[in-house]
Amino acid sequence: MTHPNHGPGGDTGPLIEARDVSVYFRDRTILDRVDLHVARGEIVTVVGLNGAGKSTLVRALLGLITPQGGRIVRQPGLRIGYSPQHLHPDATLPLSVARFLTLGARSPRKRLAALLAEVGVADVLDSPMADISGGELHRVLLARALLRKPDLLVLDEPLAGVDVAGQSELYRLIAEIRDRYACGVLLVSHDLHVVMAATDRVVCINHHVCCTGHPESVTRHPEFVALFGRHVADVLAVYAHDHDHQHDVAGEPIPLEGIAAPTASPSATAERARGRAAEC
Amino acid sequence: MEDFFLRALLGGTGVALAAGPIGCFIVWRRMVYFGAALAHSALLGVALGFLLGIDLSIGVVALCAVLAVLFVLLERQHRLPTDTLLGVLAHVALAAGLVVVAFLTTLRVDLMGYLFGDILAVTDTDLAVIVVLAVITLAGIALLWRSLLSITVDEDLAAVEGVPVTGVRLAFVLMVAGVVAIGMKIVGMLLILSLIIIPAAAARRLSTTPEQMAILAMVIGVLSVVIGLYASLHWDLPSGPLVVVTAALFFAISQAMPRARPLSIHPHTRSAGR
């Protein structure tokens, strides 16, 4: 069910924005003056290694923690649909998928069934939560987030535990949802091997913003290097991510070898990519 | 029927009714050790109640409530693992309780009664405290049911969806404190936790929804109390242990029964590939 979006974020400004956000834990710096924004209709993917501060950034954006520095600006009345990385309800909790969905927002059964069909798991409506697979769980979580008719979807590691074929399918689904619901999407991934053309912008985090594919962001942070960006239609860009942190490498948009980038990739870019590893 | 026995039956029923849904959430949220820690501190509440010159049951309720809130606040600081924190809190409170009770030579405490429950000891005031707290707990659970389920599944998700997580958790630990305090009268501080969690555990196998499990736990709890108390009267044996043994029998029976499956419109669609 598509719905007209009379909510916040018509055309003016980002739905949500992290401005100069810093988070410390004891004397460790988890986030160091991070800027990030997501606009309506945009899919932004945050990548970074384990412990790079991605989860902390998401928690700050969601309002679960208050950053010590900087601020989070949300459009007034912003509705967020959130899909956490894991869910550990105790197996002793007898909860069906239908019941789980309505914990977020009450909804008639028909709508629940339609929504599950939309995300591709029509047959789990009456299954116990404890019995569904990891891939099904991600879709059920997505359905619960969508039930709130969100302006912004925040999906933390939606591809974890999903095989490669399932990953690209899920990515396609997320892109479809963005179009259908006209919402902004913030994705998080710890080891992003497959960045589909559906992602509009990649932001690489290692406590600070290392690099971002969005040209405007790059010019705002000249000290950081643009690595991604120019999203190439229908192309899987494989992002080799074993970087050991250098900041002085100048980078251009780099589709890496691996999965073929047949037609749309500009050959010059491809050539550059062959010679240089993506480091940030 | 003797007055004291009627009071014990009514009081025990009140405790079992409140303990049913509370026990379910304790099991779901893996807070058994938290409940045990509160129960261990009850004796200190008795002593403090005596020192302050207030009703001893109210002393227990008050101390359990203070410790529950203290625990929630301490836990938020993440200085120690939760189970370590509880271990410290529980046994320090028990030791302190024993020391203070021994120190107060004017306080004649029936220690066995507090440890294992004593149906003879249920006074009218006790019964009133039990009824009031049981009603408050059940009303609170009913009111917060959706929010409690939501934070039990995932606290972050609940918070993003607008549930006031800290407030709900605080309300919940206070309700646990209330049930521990009133349950102590019936089965004693060493056994109260079993009256809270065994009916919930027994109900699990037979339930497909959270509501079913809570109601079934209430039924099993009440049956355990009634059967246990009658057995206690009949054989002149300690009431608390008999109530718990009865609950354990229900648990054993539930384990032998076939597991409840959810009602499904398409029962065969999910059979493959699991």
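Everything quoted here is computed from the prediction, not taken from an experiment. (Residues numbered from 1 in each chain as written. Chains lettered and ligands numbered in written order. Predicted model: local features only at pLDDT ≥ 70, side-chain atom pairs only at ≥ 80, totals over all residues.)

Peer 1: What's the story with the interface of chain B and chain A in this structure? I'm lost.
Peer 2: Interface extent is often summarised as the accessible area lost during association of the parts. Counting from both sides, the interface comprises 26 residues of chain B and, opposite them, 22 residues of chain A. Counting residues per element, the ones that place at least two in the side of chain B that touches chain A are helix H1 (3–28), helix H7 (124–153), helix H8 (155–160) and helix H11 (210–235) of chain B. At five residues, H7(B) tops the list of elements feeding residues into the side of chain B that touches chain A. A per-class count over the side of chain B that touches chain A returns 11 nonpolar, seven polar and eight charged. (Contact = placed C-beta atoms within 7 Å. Helix = DSSP H or I, 4+ residues; strand = E, 2+ residues; numbered from the N terminus. Nonpolar A, V, L, I, M, F, W, Y, C, P; charged D, E, K, R; others polar.)

Peer 1: What should I look at first to understand the packing of H1(B) against helix H9 (residues 165–187) of chain B in this one?
Peer 2: Packed helix pairs are characterised by how far apart their axes lie and by the angle those axes make with each other. Residue and element names in this part refer to chain B. Packing of H1 against H9 leaves a shortest axis separation of 9 Å and a crossing angle of 145°. Every pair of crossing elements has a handedness; the one defined by H1 and H9 is left-handed. Every residue of H9 that contacts H1 at Ala8, Gly11, Gly12, Val15, Ala18, Ala19, Ile22, Phe25 and Ile26 is listed here: Phe172, Met175, Val176, Val179, Ile182, Gly183, Lys185 and Ile186. Taken together, the residues of the contact of H1 with H9 sort by class into 13 nonpolar, three polar and one charged. (Axes fitted to C-alpha atoms, helices over the stretch in contact; angles between N-to-C directions. Left-handed = near helix turned anticlockwise from the far one by under 90°.)

Peer 1: What is the right way to look at unusual backbone geometry in this model?
Peer 2: The general pattern is negative phi for most residues beyond glycine and trans for most peptide bonds. In this model, A:Lys149 sits at a positive phi of 45°, which is unusual for a non-glycine residue. Turning to its location among the elements, A:Lys149 is positioned in the loop between helix H4 (134–147) and strand S6 (152–156). Of the residues examined, A:Lys149 has 15 C-beta atoms within 10 Å and is grouped as partly exposed. Its identity is not glycine, yet B:Arg30 carries a phi of approximately 55°, on the positive side. Summarising the element assignment, B:Arg30 is placed in the loop between H1 and helix H2 (32–40). The class for B:Arg30 is partly exposed, based on 13 C-beta atoms found within 10 Å. (Buried ≥ 20, exposed ≤ 12 C-beta atoms within 10 Å, placed from the backbone.)

Peer 1: Would you mind going over the nonpolar core with me for this structure?
Peer 2: What tends to happen in soluble globular proteins is that the nonpolar side chains get buried as a cluster. Residues and elements named next belong to chain B. One finds Cys64, Val176, Val180 and Leu195 to be the most contacted residues of the largest nonpolar core, which totals 158 residues. Here the element with the most residues in this core is H1; it accounts for 13 residues. Apart from residues lying up to four places away in sequence, Cys64 is in contact with Leu38, Ser41, Ala42, Gly45, Ala177, Val180 and Ala181. (Core = buried A, V, L, I, M, F, W, Y, C linked by C-beta atoms within 7 Å.)

Peer 1: Would you mind showing me how to read the pairing of strand S2 (residues 28–38) of chain A here?
Peer 2: Within a regular strand, side chains alternate between the sheet's two faces. As paired strands, strand S1 (residues 16–25) of chain A and S2(A) are joined by seven bridges and run antiparallel to one another. In the strand pairing of S2(A), A:Phe25 is matched with A:Arg28. (Pairing = 2+ DSSP bridges.)

Peer 1: Please explain the confidence of the model for chain B as it appears in this structure.
Peer 2: Low-confidence regions, as indicated by low pLDDT, have predicted coordinates that should not be scrutinised in detail. Residue and element names in this part refer to chain B. Per-residue pLDDT for chain B has a mean of 86; in total, 93% of the residues score no lower than 70. Contacts for the low-pLDDT stretch residues 264–274, under 50 throughout, to residues beyond four places or in other chains number six contacts. For this predicted complex, the interface confidence reaches an ipTM of 0.80, while the overall pTM sits at 0.80. (pLDDT = per-residue confidence, 0-100.)

Peer 1: What exactly am I supposed to notice about the sheet that holds strand S10 (residues 208–212) of chain A here?
Peer 2: What links the strands of a sheet is backbone hydrogen bonding, and the strands pair in either a parallel or an antiparallel sense. Residue and element names in this part refer to chain A. The strand order S5-S6-S7-S3-S9-S10 describes an open sheet built from six strands, whose pairing is mixed. Both edges of this open sheet fall to strand S5 (80–83) and S10, since each of them pairs with a single strand only. Ignoring strand direction, the axes of neighbouring strands in this sheet form an average angle of 20°. Both strand S9 (residues 201–206) and S10 contribute to a ladder of four bridges, which runs antiparallel. When the sheet's bridge partners are listed, Val203 is paired in S10 with Thr212. Strand contacts of helix H1 (residues 54–62): strand S3 (43–47), S5, S6, strand S7 (184–189) and S9, with the helix running at about 150° to S6, the strand carrying the most contacts. Contacting S5 and S6, H4 crosses the sheet at an angle of about 165° to S5.

Peer 1: I keep staring at the pairing of S6(A) and nothing clicks. Help me out?
Peer 2: Residue and element names in this part refer to chain A. Counting buried positions along S6 gives five out of five residues, so the element sits mostly inside the fold. Residues of S6 alternate between two faces, with Leu152, Val154 and Asp156 on one and Leu153 and Leu155 on the opposite face, all of them buried. When S5 meets S6, the two strands line up parallel, connected through four bridges. Within S6, the position partnered with Gly81 by the bridge is Leu153. Across five bridges, S6 lies against S7 in parallel orientation. Bridged to Leu153 within S7 is Val185.

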